[in-house]
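Notes for the structure review
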Amino acid sequence: MAAERIIVSVLGKDRVGIIAGVASVLAEHQVNILDISQTILQEFLAMIMIADISRCPVDLPTLKEHLAAKGKELGVRIDAQHEDIFLYMHRI
């Protein structure tokens, strides 16, 4: 089965549990985190994940809803988009 990748971005005020919260939603949906990068800019967290959704039992819009709900709970903004869309939007 070929990887089907998404880009997940998380932005907001840093606090304990953000990474765990995002990772738990992804794990619950059989999404494998392939790479992760994060930085703290003063008190703000900026995180990007590349994840494989090829085994995810729900469609991307539903997964995005679950991530957005977790983001609301954590006080951060979580967005996800298919890798193809991300690459198309950020081409030079």
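In what follows, the accompanying structure is described. (Residues numbered from 1 in each chain as written. Predicted model: local features only at pLDDT ≥ 70, side-chain atom pairs only at ≥ 80, totals over all residues. Heavy atoms only, no water.)

Here's the deal with the overall build of the protein
- Across its full length, the protein carries three helices and four strands.
- Against the globule reference of 12 Å for 92 residues, the protein gives a C-alpha radius of gyration of 13 Å, in line with a compact fold.
- If one aligns the C-alpha atoms of the protein with their principal axes, the spans along those axes are about 40 × 35 × 20 Å.
- When each of the 92 residues of the protein is scored for burial, the buried share is 32%. (Helix = DSSP H or I, 4+ residues; strand = E, 2+ residues; numbered from the N terminus. Rg over C-alpha atoms; globule rule 2.2 N^0.38 Å. Buried < 20%, exposed > 50% of the residue type's maximum accessible area, 1.4 Å probe, protein only.)

A closer look at helix α2 (residues 60–74)
- When the terminal C-alpha atoms of α2 are compared, their 21 Å separation across 15 residues agrees well with the 21 Å that a helix rising 1.5 Å per residue should span.
- Along α2, the positions that sit buried rather than exposed are Leu63, Leu67, Lys70, Gly71 and Leu74. For α2, the buried positions fall inside an angular range of 105° around the axis, keeping them on one side. Turned more than 90 degrees away from the buried face of α2 sit Glu65, Lys72 and Glu73, all of them exposed.
- Residues of α2 that are buried in the fold lie against β1 (5–13), α1 (18–28) and β4 (76–82).
- Once α2 ends, the next one or two residues include Gly75, with phi positive near 80°. (Expected span 1.5 Å × (residues − 1). Arc of directions from axis to C-beta. Contact = heavy atoms within 4.5 Å.)

Observations concerning the pairing of β1
- As judged from the nine bridges shared by β1 and strand β3 (residues 44–52), these two strands associate in the antiparallel manner. Counted as the bridge partner of Gly12 is Leu45 from β3.
- In terms of strand pairing, β1 meets β4 through seven bridges, oriented antiparallel. Note on β4: the bridge partner recorded for Ser9 is Asp79. (Pairing = 2+ DSSP bridges.)

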